[in-house]
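Report on the structure
If you want the building blocks of each chain, they are given just below.
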Amino acid sequence: MKRLIVLFLGVFLAVGCARVPFQETTLVPLESVDPSSVVESFKAGLPANFQVLNSVVFEYNWRKFLGLGNVDVDRQENRFRVVCLNPMGVKLFELSGDRNAIVTDYALDALMKYGDLPTAVGNDIRRIYFDVVPSASAQVSKGKYTISFRQPDGAGYMEYVFAGKDRDLIEKSYYEDDDLVWRVSYYEYREQNGKRYPQGIVLVNYQYGYQLTVRQKELYS
Amino acid sequence: MIMYWRIGMRVVFSMILCVIVGAGLAFGAETSKGGTPGQADLRELLNTIGKRVSEFKTLKTDFTQEKKMAMFKQKLVLKGRIYLQKPNKIAWHVDSPLRYSVLITDKLIRQWDEDTNQVQEISLTKNPVFQNVLGQLTVWFSGEYGSLLDGNTVRLVKRAPLVIEFTPRENNPAKKVIKNITLTFRDDQKYLQQIRIQELSGDVTTIHFMNTLLNAPLNSSSFEVKGRV
């Protein structure tokens, strides 16, 4: 029990105290907004295919490490490709994946000594970029400033929260046994090439106690 | 995840090992005394160029690094500056698309980036492996090209400007990764104008050196990783 408390405190302090370096979405009343129109509007602004260069800060236990992630996302085909480099342009790993599998196309030997890092990264990319629209059968709940959708997912359920004057997706959270397992928060949406892209993304994995802070650096397509 | 952080420090080392010493690997390895006709001439040419290039105490250069990756349509472009002070001090500053600096000396590696805004430092005093890495790094940038024929097939591509291509031989460990490396020298042949590394994966990295100044005065801020201009 004591170990559990210490573990909980450790995760809480490590994750809970991490600063979010992006502006929160300005909330506006959404009480009179039709939830289905929120989803439809969000879907319309969602880019189907894009390639983006991000900086990614991996944060764990007050320690931080920076990488550059070049990500190619194809939402229509549910496929992605990603290459991660260090800031000097050295390729650390390269992987591709779809809904069912993640393939490591290249990884530095030094990285593989610490476990299957590319697969972990691939799973986080799926969490961030895929399944960002709730299903038509999702359970809706309206707050004064937010509209939330909840639907079963795997062993738990997924919750989507939309807010702001543009009614963007601001949070996507996964729960198991009513415990928050991980959450992706999206910040500072901007219209680029006719579609809406969050300029900042924060993924917090409460289960393992780490945070990824993603900043868009360049949008290629 | 613990692994995310634990790889962090490894990555600092890997970057050196992979890009620059990766090139060093291609140039390092075993000596082949035989050589094909013309190889002796090339050795003499490289020695001459090496002597010319190595005649400096400090170096200051801007660079643009373009990385064309086989899996992606768009190439990644990094821009920055390199400062080198012989015998063993080098600072690599990236200005775009993000700000990042790393200082490598015979005693430590110190790095900073704008996103984490943290300075991380690793001691090299008890790490002979990475002291050796620094040695290779310095040699590479200092232009001591005497051993470039070792482990590689060398081809003179062009005389003006001078372009030399190095292809790792079968017994060279770099052969597993690198298809060839091409060096392009400035018109005065006093320093490199471009390095092009073509990998077997199809990736191509090209580093262009611009505004290169030899023996330019360098102050301590050139080697600061945080708070730099």
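We now turn to the structure provided with this report. (Residues numbered from 1 in each chain as written. Chains lettered and ligands numbered in written order. Predicted model: local features only at pLDDT ≥ 70, side-chain atom pairs only at ≥ 80, totals over all residues. Heavy atoms only, no water.)

What to know about the sheet that holds strand β2 (residues 63-74) of chain A
Residues and elements named next belong to chain A. Selection rule: We treat two strands as partners when DSSP finds at least two bridges between them. Per the convention used, a helix needs a DSSP run of H or I reaching at least four residues, while a strand needs a run of E reaching at least two, with both numbered from the N terminus. Axes here refer to lines fitted to C-alpha atoms; in helices the fit is confined to the stretch in contact. Angles between the N-to-C directions go from 0 to 180 degrees. Two residues form a contact once any of their heavy atoms are found within 4.5 Å.
Strand order in this open sheet of 12 strands is β5-β4-β3-β2-β1-β12-β11-β10-β9-β8-β7-β6, and the pairing throughout is antiparallel. If you trace the sheet from one side to the other, it starts and ends with β5 (102-107) and β6 (139-142), each paired once. Neighbour-to-neighbour, the strand axes of this sheet turn through a mean angle of 20 degrees, independent of strand direction. Bridging between strand β3 (residues 79-85) and strand β4 (residues 91-97) involves 6 bridges; their strand directions are antiparallel. From the neighbouring strand, V83 faces β4, where its bridge partner is E94. Docked against the sheet, helix α2 (residues 35-44) engages β6, β7 (146-153), β8 (156-163), β9 (168-176), β10 (179-192) and β11 (195-205), running at close to 80 degrees with respect to β7.

Let's talk about the nonpolar core
Worth spelling out the cut-off: Here, nonpolar core means buried Ala, Val, Leu, Ile, Met, Phe, Trp, Tyr and Cys residues that are tied together by side-chain atoms lying within 4.5 Å of each other. Whether a residue is buried, partly exposed or exposed follows from its accessible area with a 1.4 Å probe, protein chains only, as a fraction of its type maximum: under 20%, in between, or over 50%, in that order.
Grouped together as the largest cluster of nonpolar side chains are 51 residues, with contacts concentrated most on F93, I128, Y129, L169 and Y186 of chain A. Those residues within four positions of Y129 of chain A in sequence are excluded, and the remaining contacts are F50, V52, N54, V71, V73, R75, I201 and V214 of chain A. By size, the runner-up hydrophobic cluster in this structure holds 48 residues, among which are F56, M71, F72 and I178 of chain B.

Some remarks on the interface of chain B and chain A
Which entries qualify depends on this criterion: Note on terms: buried area is the combined drop in 1.4 Å-probe accessible area of two parts once they are placed together, counting the loss on both. For this analysis, a salt bridge means a side-chain nitrogen from Lys or Arg found within 4 Å of a carboxyl oxygen belonging to Asp or Glu. The definition of a polar contact used here is a pair of N or O atoms within 3.5 Å, where within protein one atom must be able to donate a hydrogen and the other to accept one, and adjacent residues in sequence count solely through side-chain atom pairs. Residue polarity is assigned by list, with Asp, Glu, Lys and Arg as charged and Ala, Val, Leu, Ile, Met, Phe, Trp, Tyr, Cys and Pro as nonpolar; anything else, Gly included, falls into the polar class.
Contacts between the two partners involve 39 residues from chain B and, on the opposite side, 47 residues from chain A. Buried area between chain B and chain A, both sides added, is near 4100 Å², and the carbon and sulfur share of it is 70%. The tally of links between chain B and chain A comes to 4 salt bridges. Across the pair E114 of chain B and K217 of chain A runs a salt bridge, and its minimum N-O distance is 3.6 Å. Where chain B touches chain A, the interface holds 7 residue pairs in polar contact (both at pLDDT 80 or more). Within the side of chain B that touches chain A, the residues separate by chemical class into 22 nonpolar, 8 polar and 9 charged.

Quick look at unusual backbone geometry
Cis peptide bonds are those with omega within 30 degrees of zero, and the linkage from K86 of chain B to P87 of chain B qualifies with 10 degrees. Relative to the helices and strands, P87 of chain B resides in the loop between β2 (76-85) and β3 (89-96). Of the consecutive residues A160 of chain B and P161 of chain B, the connecting peptide bond is found in the cis state with omega at -5 degrees. Relative to the helices and strands, P161 of chain B is located in the loop between β7 (152-158) and β8 (163-168). The phi dihedral of N61 of chain A falls on the positive side, at around 55 degrees, and the residue is not glycine. Checked against the element boundaries, N61 of chain A lands in the loop between β1 (49-60) and β2. Of note, the phi angle at D131 of chain A is positive, near 50 degrees, even though the residue is not glycine. Residue placement: D131 of chain A occurs in the loop between α4 (117-129) and β6.

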